[in-house]
Amino acid sequence: MLEFLTTLARRWRVVVTAVLLGVAAAALATSQLTPSYRAESQLFVALASTGDSADALAQGELFAVNRVKSYPVIADSPQVLEPVIADLGLDVSPEELAEEVEAEAVPQTVLISITVTDPSAARSAEIANAVSAQFIEVVESLDRVDEDSPSPVKVTVVRPAVAPASASFPVPAINLAVGLLAGLALGIAGAALRETLDQTVRDEDDVEQATGLGTLGVVPTNTHIDAEPVLAAGASDVVWAESYRKLRTNLSYLDPDDPPRVLMVTSALSGDGKTVTAANLAASLAQTGLRTILVEADLRRPSLAGLLELSPDVGVTSVVSGKASVADVTQRAASGMDVLTCGPIPPNPSELLGSRSFKRLVAGLLETHDRVIIDTPPLVAVTDAAVTSVVADAVIVVCTSRGTTRPDLRRAVEALRAVDAPLAGVVLNQVSLAGRSYRQYTYEPDERPRARRDKRDRDTRVPAPATSAAPRRTPGPGGADAPVLDDETADHAPRHASSG
Ligand SMILES: Nc1ncnc2c1ncn2[C@@H]1O[C@H](COP(=O)(O)OP(=O)(O)O)[C@@H](O)[C@H]1O
Ligand SMILES: [Mg+2]
């Protein structure tokens, strides 16, 4: 149910559009339909008295009630309608007029109602009254024994027809309500359909299903990212900044005794957030006091220099081509980590990244630094990242929540598996916080005694913040080692609340 509501909330545009279309269609139909008006007159049938005794009166009454049942048939007969057409000068045949006239005996009474439905309000009343008058004449003459004797039946108009103020059809309120409900139903169906046809990776379950990998981090969309792309102390979006700390923590759990030192960040397509993720992960590691260096291995569309406001003139390619030493081209970013930008763009990035020279560069960096973070180009387009992965201890695949499709993510991970890359897991980037609990992202230093914490965690089922316990490592469905972080011990990215 909750999932259904969040789906609707997310796809509200589809629902609103369908409702508006439904209402608009109903309004259009209402305005296009010819309105019709109903006027009704009521007649009372009495038997002219044949005596004064109570018995005679009761007999007359019974006769009238029975008689009344057969009168309605007369109302739309040509005998009645022909004179009406002549009187009112109508341009219709008696058969056509009969369609508009409806007569019925009101059950258990001696009343007859004559209803006329016509496109004109005034004419509907006129016809109803003319039909009533003619009906009375015909009925009274029918029961007469001969021309001169008085009719035993007396019919009187008790309620003459008046022109109705509003049309009986179409009724705008009903039409609009039908349009609204139909639109709503279609909208909900459309939203559900789009959700089922949605091929994008939405949450950790989709990641697991598409790749067999776990989710190492969930990074929310940061609307201020242009002003502040890399976190610094006192970042304005604390939830966003915290998500990189959680990523850092989860990475350290991959192997607590021997944490991966060369971390490569890649993704299926360009724009997934590889560069932003790599830079923030590096900044977050540097904040803990680790000597961290960020290396730009995207030699096709380098963007680190711009992102970190560093010089783009020298960098990785200068070192690999032997034109400069690492020390010469290493720059220091404001966030506290060292950076090797791309340098001059080379004609042959793949060869360069696969060269012994590049491997030596990374090996050398490990002597001066604790952590090396490598930013790479997208996997689906070029092989650079797969080539580079041989120097990595852990490969992190960034995936845009509701952006990257499952086939693209699967292809990217397969390309990495094909070269036996040490896959660590996925970072879900640009996650919308709507529909998820904000609390799950907030940082909560936990200093309460262990026992009480355990009780709270059992009671509320909120995953506990990080402790120092090690994660289990189990082989993923894809055959590669996928880290499985224990919900009780790691402040692993939250799972969707689902109510089934
Ligand atoms: N969590 C986020 N919130 C908001 N914008 C983001 C986020 N992650 C990435 N972006 C934006 O997406 C764009 C692409 O990011 P980038 O790291 O350059 O992608 P890649 O390196 O994978 O091509 C950038 O404009 C960046 O600001
Ligand atoms: Mg990039």
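Given the structure is predicted, the values throughout are model-derived calculations rather than measurements. (Residues numbered from 1 in each chain as written. Chains lettered and ligands numbered in written order. Predicted model: local features only at pLDDT ≥ 70, side-chain atom pairs only at ≥ 80, totals over all residues. Heavy atoms only, no water.)

**Observations concerning the packing of helix H10 (residues 238-253) against helix H11 (residues 274-287)**
Link 1 in the chain: Look at H10 against H11: their axes get within 9 Å of each other, and the N-to-C directions meet at 75°. What the angle tells us is that H10 and H11 run roughly perpendicular. Contact with H10, carried on its side by Trp-240, Tyr-244, Arg-245, Leu-247, Arg-248 and Leu-251, involves Val-276, Thr-277, Asn-280, Leu-281, Ser-284, Leu-285 and Gln-287 of H11 and no other residues of that element.
Link 2 in the chain: When its residues are assigned to classes, the contact of H10 with H11 shows seven nonpolar, four polar and two charged. (Axes fitted to C-alpha atoms, helices over the stretch in contact; angles between N-to-C directions. Helix = DSSP H or I, 4+ residues; strand = E, 2+ residues; numbered from the N terminus. Parallel < 35°, antiparallel > 145°, perpendicular 65-115°, else oblique. Contact = heavy atoms within 4.5 Å. Nonpolar A, V, L, I, M, F, W, Y, C, P; charged D, E, K, R; others polar.)

**Section: the site of ligand 1**
Link 1 in the chain: The full set close to ligand 1 counts 15 residues, and Asn-222, Gly-271, Lys-274, Thr-275 and Asn-429 are the nearest of them.
Link 2 in the chain: Between ligand 1 and Asp-272 there is a distance of 3.2 Å, counted from an oxygen atom to a backbone nitrogen or oxygen.
Link 3 in the chain: The separation between a nitrogen atom of ligand 1 and a polar side-chain atom of Asn-429 is 2.9 Å.
Link 4 in the chain: Relative to its unbound accessible area of 560 Å², ligand 1 is 77% covered by the protein chains.
Link 5 in the chain: Looking at which element gives the most residues to the shell around ligand 1, the answer is H11, with three residues. (Near = heavy atom within 4 Å. Polar contact = N/O pair within 3.5 Å; in protein donor to acceptor, adjacent residues only side chain to side chain. Areas by Shrake-Rupley, 256 points an atom, 1.4 Å probe, with all protein chains shown as cover.)

**Section: the pairing of strand S1 (residues 37-47)**
Link 1 in the chain: Sheet topology note: the S1/strand S3 (residues 111-118) ladder contains eight bridges and is antiparallel. Following the sheet pairing, Gln-42 is matched in S3 by Ser-113.
Link 2 in the chain: Where S1 meets strand S4 (residues 153-159), six bridges bridge the pair, whose relative direction is antiparallel. Across the sheet, Phe-44 pairs through a bridge with Thr-156, a residue of S4. (Pairing = 2+ DSSP bridges.)

**Let's talk about the packing of aromatic side chains**
Any two aromatic rings considered together are summarised by their centre-to-centre distance and by the angle between their planes.
Link 1 in the chain: Scanning the entire structure with this criterion turns up two aromatic pairs.
Link 2 in the chain: The interplanar angle of 80° and the centroid separation of 6.4 Å between the aromatic rings of Tyr-71 and Phe-135 together place this pair among those described as edge-to-face. Note that Tyr-71 is positioned in the loop between helix H3 (54-70) and helix H4 (72-75) and Phe-135 in helix H7 (residues 121-142), a separation of 64 residues in sequence.
Link 3 in the chain: On the basis of relative accessibility, which here comes to 4%, the residue Tyr-71 falls in the buried class.
Link 4 in the chain: A ring pair is formed by Trp-240 and Tyr-244, whose centres lie 5.2 Å apart and whose planes are at 90°; its orientation type is edge-to-face. (Phe/Tyr/Trp six-rings, centres within 6.5 Å; stacked < 30°, edge-to-face > 60°. Buried < 20%, exposed > 50% of the residue type's maximum accessible area, 1.4 Å probe, protein only.)

**Structural notes on the side chain of Asp-408**
Link 1 in the chain: Positionally, Asp-408 belongs in helix H18 (residues 406-418).
Link 2 in the chain: We classify Asp-408 as buried; its relative accessible area is 14%.
Link 3 in the chain: Setting aside residues up to four positions removed in sequence, Asp-408 forms contacts with Ala-268, Leu-269 and Val-380.

**Section: the sheet that holds strand S7 (residues 292-296)**
Link 1 in the chain: If you walk across this open sheet you meet the eight strands as S5-S12-S11-S6-S10-S7-S9-S8, and the pairing is mixed. Looking along the sheet, the strands with just one partner apiece sit at the ends: strand S5 (215-220) and strand S8 (331-332).
Link 2 in the chain: Bridging between strand S11 (residues 394-400) and strand S12 (residues 423-431) involves six bridges; their strand directions are parallel. Along S12, the bridge assignment pairs Ile-396 with Gly-425.

**Here we look at the nonpolar core**
Link 1 in the chain: If you look at the biggest cluster of nonpolar residues, it comprises 42 residues, and the most contacted ones within it are Phe-358 and Ile-374.
Link 2 in the chain: With residues near it in sequence (within four places) discarded, Ile-374 still touches Val-262, Leu-263, Met-264, Val-265, Val-295, Ala-297, Val-362, Thr-388 and Val-391. (Core = buried A, V, L, I, M, F, W, Y, C linked by side-chain atoms within 4.5 Å.)

**A look at helix H9 (residues 204-211)**
Link 1 in the chain: When H9 is considered as a whole, its buried residues turn out to be Glu-204, Asp-206, Val-207, Ala-210 and Thr-211. Looking straight down H9, one finds its buried side chains confined to an arc of 160°; they lie on one side.
Link 2 in the chain: Of the residues flanking the start of H9, the one acting as N-cap is Asp-203, its side-chain oxygen 3.2 Å from the backbone nitrogen of Asp-205.
Link 3 in the chain: A positive backbone phi angle near 75° is found at Gly-212, which sits one or two residues after H9. (Arc of directions from axis to C-beta.)

**Brief notes about the pattern of salt bridges**
Link 1 in the chain: Enumeration over the complete set of coordinates arrives at 14 salt bridges.
Link 2 in the chain: Taking the shortest distance from any N to any O, the salt bridge between Asp-118 and Arg-123 comes out at 3.0 Å.
Link 3 in the chain: The exposure class of Asp-118 is buried, given its relative accessible area of 2%.
Link 4 in the chain: Here the residues in one salt-bridge network are Arg-10, Arg-11, Glu-195, Asp-198, Arg-202, Asp-206, Arg-402 and Arg-406, joined through shared partners. (Salt bridge = Lys/Arg side-chain N within 4 Å of Asp/Glu carboxyl O.)

**A look at the pairing of strand S6 (residues 262-267)**
Link 1 in the chain: The buried count for S6 comes to six of six residues, which makes it a mostly enclosed element.
Link 2 in the chain: Residues Val-262, Met-264 and Thr-266 point to one face of S6 and Leu-263, Val-265 and Ser-267 to the other, with burial holding for every one of them.
Link 3 in the chain: Relative to strand S10 (residues 371-375), S6 runs parallel, the two sharing four bridges. Its bridge partner lying in S10, Leu-263 is registered against Ile-373.
Link 4 in the chain: Direction of pairing for S6 relative to S11: parallel, over a ladder of five bridges. The partner of Ser-267 across the bridge, within S11, is Val-398.

**Thoughts on a nonpolar patch on the surface**
Link 1 in the chain: Among the surface-exposed residues, Met-1, Phe-4 and Leu-5 lie close enough to one another that they form a single nonpolar patch of about 310 Å² accessible area.
Link 2 in the chain: By the secondary structure assignment, Phe-4 is in helix H1 (residues 2-10).
Link 3 in the chain: The exposure class of Phe-4 is partly exposed, given its relative accessible area of 38%. (Patch = residues over 30% accessible without salt bridge, like charges linked within 9 Å, V, L, I, M, F, W, Y side chains within 5 Å.)

**Comments concerning the environment of Thr-288**
Link 1 in the chain: Relative to the helices and strands, Thr-288 is located in the loop between H11 and S7.
Link 2 in the chain: Taking relative accessible area as the criterion, Thr-288 reaches 42% and is therefore assigned partly exposed.
Link 3 in the chain: Sequence-wise, Thr-288 and Arg-248 are 40 residues apart; in three dimensions their C-alpha atoms are separated by 9.9 Å.
Link 4 in the chain: Separated by 2.6 Å, the side chain of Thr-288 and the backbone oxygen of Leu-285 make a polar contact.

**Focus on the confidence of the model for the protein chain**
Link 1 in the chain: Considering every residue of the protein chain, the mean pLDDT works out to 85; 85% of them sit at 70 or more.
Link 2 in the chain: The low-confidence segment residues 437-500 (pLDDT under 50) makes 109 contacts with residues lying over four places distant or belonging to another chain. (pLDDT = per-residue confidence, 0-100.)

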